[in-house]
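Here is how the chains run, residue by residue.
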Amino acid sequence: MKTLLQLILAAFSLTGVSTASAQGLTEAQARAVIAPWYSLFNVASRGDVKAIEQQVTTSDYESCSGYLPGECWGQDTSIKVVANFANSIPDMKFEIKEVLVAGDRVIVRGEVSGTPAGVLFGVPHSGKSFRIMTVDIQTIKDGKISKTFHMENWLSALGQLRAN
């Protein structure tokens, strides 16, 4: 009986240790990790996209907008996609509206706004601006972003750009 009790206590203490480490980040820590990443989407004030992205993401970073082939890409493609916003939406701004932390995951509800410099998703340039909601789930590993699942409401942007 004593041995069984010791095993139960040992298992409980191990579970407690793993639970504590799984609790992960505080909101302040999470915001500190993700802030440089989201600054890249404030096109007018951002720095060197490649240097910042390499600093804040892991070398095996993956960005996913879906599950079909081509809807997930690595760090190099992410750098190109993010850098291209300077051409397609030169006044793009990103505002973090809400941050939720669950273990090593950081959920960010944000708002993207901007005025396309030319055709955007087939909509001709009209000088109109848009504002859309975004939701990201960031996985943090060793103080860096290792994976991003993201969804932007581009359909709303297209509706705003087409509106009379």
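Let me begin by describing the structure that accompanies this report. (Residues numbered from 1 in each chain as written. Predicted model: local features only at pLDDT ≥ 70, side-chain atom pairs only at ≥ 80, totals over all residues. Heavy atoms only, no water.)

## Some words on the packing of helix α3 (residues 49–56) against helix α4 (residues 75–88)
In contact at an axis separation of 10 Å, α3 and α4 are set at 135° when each is read in the N-to-C sense. It follows from the interaxial angle that α3 and α4 lie oblique. Crossing of α3 over α4 shows right-handed handedness. Residues Val 49, Lys 50, Glu 53 and Gln 54 of α3 pack against Gln 75, Ser 78, Ile 79, Val 82 and Ala 83 of α4. Taken together, the residues that form the contact of α3 with α4 break down as four nonpolar, three polar and two charged. (Axes fitted to C-alpha atoms, helices over the stretch in contact; angles between N-to-C directions. Helix = DSSP H or I, 4+ residues; strand = E, 2+ residues; numbered from the N terminus. Parallel < 35°, antiparallel > 145°, perpendicular 65-115°, else oblique. Left-handed = near helix turned anticlockwise from the far one by under 90°. Contact = heavy atoms within 4.5 Å. Nonpolar A, V, L, I, M, F, W, Y, C, P; charged D, E, K, R; others polar.)

## Quick look at empty space enclosed by the protein
Per the stated rule, a full pass over the model turns up one cavity of 30 Å³ or more. Quantified by volume, the largest cavity comes out at close to 50 Å³. (1 Å grid on protein atoms, 1.4 Å probe; cavity = no way out; pocket = protein on both sides within 12 Å on 5 of 7 lines; lining within 4 Å. Points joined across faces, edges and corners; volume = space filled by probe spheres on them.)

## Quick notes on helix α2 (residues 27–39)
The end-to-end C-alpha distance of α2 is 18 Å, a good match for the 18 Å that 13 residues give at a rise of 1.5 Å each. A maximum bend of about 35° is found in α2 at Val 33, where proline Pro 36 lies one to four positions downstream. The set of residues buried in α2 consists of Ala 30, Val 33, Ile 34, Trp 37 and Tyr 38. (Expected span 1.5 Å × (residues − 1). Bend = angle between axes of the 7 residues up to and from the residue. Buried < 20%, exposed > 50% of the residue type's maximum accessible area, 1.4 Å probe, protein only.)

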